[in-house]
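The lines below spell out each chain.
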Amino acid sequence: MGPWAGEKLSQNLYSGPNAIFPGIESVKVLVLGAGVVGVATAYYLARAGHEVTVVDRQPGPAVETSFANGGQISANHATPWATPKTPWKALKWLWRKDAPLLFRMRADPALWRWTLRFLANCTSHRLLLNTERAVRVAVYSRAQLVELRAATGIQYDQLTSGILHIFRNELEYRQALPQVEVMDRAGCRRVLVNAGECVDIEPALAHVRPHLIGGIFSPDDESGDAHAFTVELARICADLGVTFRYGTTVQRIVLGDGRLDGVETDAGRLTADIYVLTLGSYAPLILKSLGLKVPVYPAKGYSVTIPVGDDDQAPSVSLIDDEFKIVYSRLNDRLRVAGTAEFTGYDDSVTEVRARFVLDKAMELFPNCGDRSKAEFWAGLRPSTPDGVPVIGATPYPNLFLNTGHGTLGWTMACGAGHLLADVIGGRAPEISLDGLGMDRFG
Ligand SMILES: Cc1cc2nc3c(=O)[nH]c(=O)nc-3n(C[C@H](O)[C@H](O)[C@H](O)COP(=O)(O)OP(=O)(O)OC[C@H]3O[C@@H](n4cnc5c(N)ncnc54)[C@H](O)[C@@H]3O)c2cc1C
């Protein structure tokens, strides 16, 4: 029998103190990828006493997808993209260059396979199941972030004033309400507010008050700069003894007798006891050589960062504008606006029309928030799974672990996912269930 042996991978690991290396407290761990997920994983591993090295092809941490995301810690809005309505909306948007979600079918078997799995998740039953799983990780993660902040004093332009989801379409608002119940059951605090209350929460919305239908406010959610956080956390990790090897590209995994023997990089072979893949969208490319198929596919998104001119004209509460699926986060004297998703493979170049769509929508909502000519454009590749749930845990190889596929919520989930994986590797029972989070759910 193979290593799967019909067992749940997530469950055959933490059956005692360090089940992987019985009796050994500290192991040598190689974390592949220094995005927000990789650095958070390294932090919790180092705190647990392991000898950690982080490898990344970039010259520093959080240079790829974790660089300029929407900034939201949106645990109470952690709903997957795959809903019963999404296929119809995607069809409607198919011909629009400014569509919030853009499927361009390409001759890419990985995209076709991903899309079929995505469609299979667009049922009410799967939506409930996937929402529970995503919210479980996201809520746990937000609590870990709060704890980490208290323990380290880390600063990253954070704001702890909640997230307000605003609606301008009556039907969309009504259809969103059952989700509030699901979230309630998952322990999320979400408050239904009318248009006037939306303006009370965020006064910069006053001039669009007549167009607002209402909103959903989650007071416990947060926002902050994921790049600043990761850079600072990497510094804290270095103080804890973590080694960072930047400018080092992982080329392939070296397999020994049923386990990993090392990774081949452009700077030579690196070895460890345990390997953790936190390569975001690129994880499947490296896993392919092992014959492991994990349905993580890049979903390209855009952000614009506008220097704030008039303080009162820019929002100070993080927002989700349901009409255009765009998020807003105030990062001190900058306003970060992010949105759109398109499936164009691994191309992360900025397409002018898509980036301008985000900027135009921001300037329509907050016309006097800042100087649009100084806005900075950015595009990144969300490592997306078809069910909107990350892939955290073991693989059929006993010394290889995954922490990827966090999609739209990698910043929200980074601390929780890092903590969970460090617990699994250390042989400690995780504080939340890992059910439905492993790669074994894909069969
Ligand atoms: C427009 C946009 C808005 C978003 N908004 C939010 C938000 O508001 N809230 C939220 O929670 N999430 C948001 N996200 C999602 C979030 O940014 C991602 O989920 C998260 O950054 C993923 O982190 P990661 O560490 O897994 O991946 P990455 O940050 O991409 O890290 C992977 C690392 O692996 C390295 N790497 C890859 N291949 C190799 C190789 N072969 N050798 C060596 N190194 C390699 C890369 O250099 C990179 O540093 C947004 C994403 C986008 C695009």
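Keep in mind the model is a prediction, meaning the values are calculated, not measured.

1. Quick look at the confidence of the model for the chain
Of the residues in the chain, 94% reach a pLDDT of 70 or more, and the chain-wide mean stands at 91. Below pLDDT 50 for its whole length, residues 1-18 participates in 40 contacts with residues either more than four positions away or in separate chains.

2. Structural notes on the site of the ligand
Lining the immediate environment of the ligand, one finds 35 residues, of which Asp56, Ser66, Gln72, Gly407 and Thr412 sit closest. Contact distances for the ligand include 3.1 Å between an oxygen atom and a backbone N or O atom of Trp411. Counting residues per element, the ones that place at least two in the shell around the ligand are helix H1 (36-47), strand S14 (297-307), strand S18 (376-384) and helix H10 (410-426). Sorting elements by how many residues they give to the shell around the ligand places S18 first, with 4 residues.

3. Notes on helix H2 (residues 86-93)
By the burial criterion, the buried members of H2 are Thr86, Lys89, Ala90 and Trp93. Around the axis of H2, the buried residues are gathered within 100 degrees of arc, so they sit on the same side. Along H2, the residues that are exposed and aim more than 90 degrees away from the buried face are Trp88 and Lys92. Buried residues along H2 sit against strand S4 (101-103), helix H3 (109-120) and helix H5 (170-185).

4. Focus on the layout of surface pockets
Its volume calculated, the second largest pocket comes out at about 400 Å³. Ala110, Arg113, Pro284, Lys293 and Val294 are, among the 15 residues lining the second largest pocket, the residues nearest its centre. Broken down by secondary-structure element, the contributors of at least two residues to the lining of the second largest pocket are H3 and helix H8 (283-287). It is H3 that provides the largest number of residues to the lining of the second largest pocket, a total of 4 residues. Residues of the lining of the second largest pocket, tallied by class, amount to 10 nonpolar, no polar and 5 charged.

5. Thoughts on the packing of helix H4 (residues 124-152) against H10
For the pair H4 and H10, the least separation of the axes is 6 Å and the interaxial angle reads 90 degrees. Regarding the angle of H4 to H10, the classification is roughly perpendicular. Taken together, the residues of H10 that come into contact with H4 (itself represented by Ala134, Val137, Ala138, Tyr140, Ser141, Arg142, Gln144, Leu145 and Leu148) are Thr412, Met413, Ala414, Cys415, Gly416, His419, Leu420 and Asp423. A per-class count over the contact of H4 with H10 returns 10 nonpolar, 5 polar and 2 charged.

6. Digging into unusual backbone geometry
Backbone geometry at Lys325 places phi at a positive 55 degrees, although glycine is not the residue there. Inspection of the secondary structure puts Lys325 in the loop between strand S15 (318-321) and strand S16 (326-331). Here Lys325 falls in the partly exposed class, since its relative accessible area comes to 33%. Despite not being glycine, Asn332 shows a phi value in the positive range, around 60 degrees.

7. Concerning the pattern of salt bridges
Enumeration according to the criterion identifies 23 salt bridges in this entry. Arg189 is the partner of Asp220 in a salt bridge, and the nearest nitrogen-oxygen pair spans 2.7 Å. In this pair, Asp220 is assigned in the loop between strand S7 (214-218) and strand S8 (222-223) and Arg189 in the loop between H5 and strand S6 (191-194), connecting sequence segments 31 residues apart. For Asp220, a relative accessible area of 28% puts it in the partly exposed group. Looking at Arg189, the relative accessible area reads 46%, which means it is partly exposed. Sharing partners across several salt bridges, the network here consists of Asp157, Asp225 and Arg334.

8. Section: the sheet that holds strand S2 (residues 51-55)
Spatially, S9-S2-S1-S13-S20-S19 is the arrangement adopted by the 6 strands of the open sheet, whose pairing is mixed. Each edge of the open sheet is held by one strand with a lone partner, namely strand S9 (243-245) and strand S19 (391-394). Taking each pair of neighbouring strands and ignoring which way they run, the sheet shows an average axis angle of 20 degrees. Inspection of the sheet shows strand S1 (residues 28-32) paired to strand S13 (residues 274-277) by 4 bridges, in the parallel sense. Note on S13: the bridge partner recorded for Leu30 is Tyr275.

The rules behind the values
- Residues numbered from 1 in each chain as written.
- Predicted model: local features only at pLDDT ≥ 70, side-chain atom pairs only at ≥ 80, totals over all residues.
- Heavy atoms only, no water.
- pLDDT = per-residue confidence, 0-100.
- Contact = heavy atoms within 4.5 Å.
- Near = heavy atom within 4 Å.
- Polar contact = N/O pair within 3.5 Å; in protein donor to acceptor, adjacent residues only side chain to side chain.
- Helix = DSSP H or I, 4+ residues; strand = E, 2+ residues; numbered from the N terminus.
- Buried < 20%, exposed > 50% of the residue type's maximum accessible area, 1.4 Å probe, protein only.
- Arc of directions from axis to C-beta.
- 1 Å grid on protein atoms, 1.4 Å probe; cavity = no way out; pocket = protein on both sides within 12 Å on 5 of 7 lines; lining within 4 Å.
- Points joined across faces, edges and corners; volume = space filled by probe spheres on them.
- Nonpolar A, V, L, I, M, F, W, Y, C, P; charged D, E, K, R; others polar.
- Axes fitted to C-alpha atoms, helices over the stretch in contact; angles between N-to-C directions.
- Parallel < 35°, antiparallel > 145°, perpendicular 65-115°, else oblique.
- Salt bridge = Lys/Arg side-chain N within 4 Å of Asp/Glu carboxyl O.
- Pairing = 2+ DSSP bridges.

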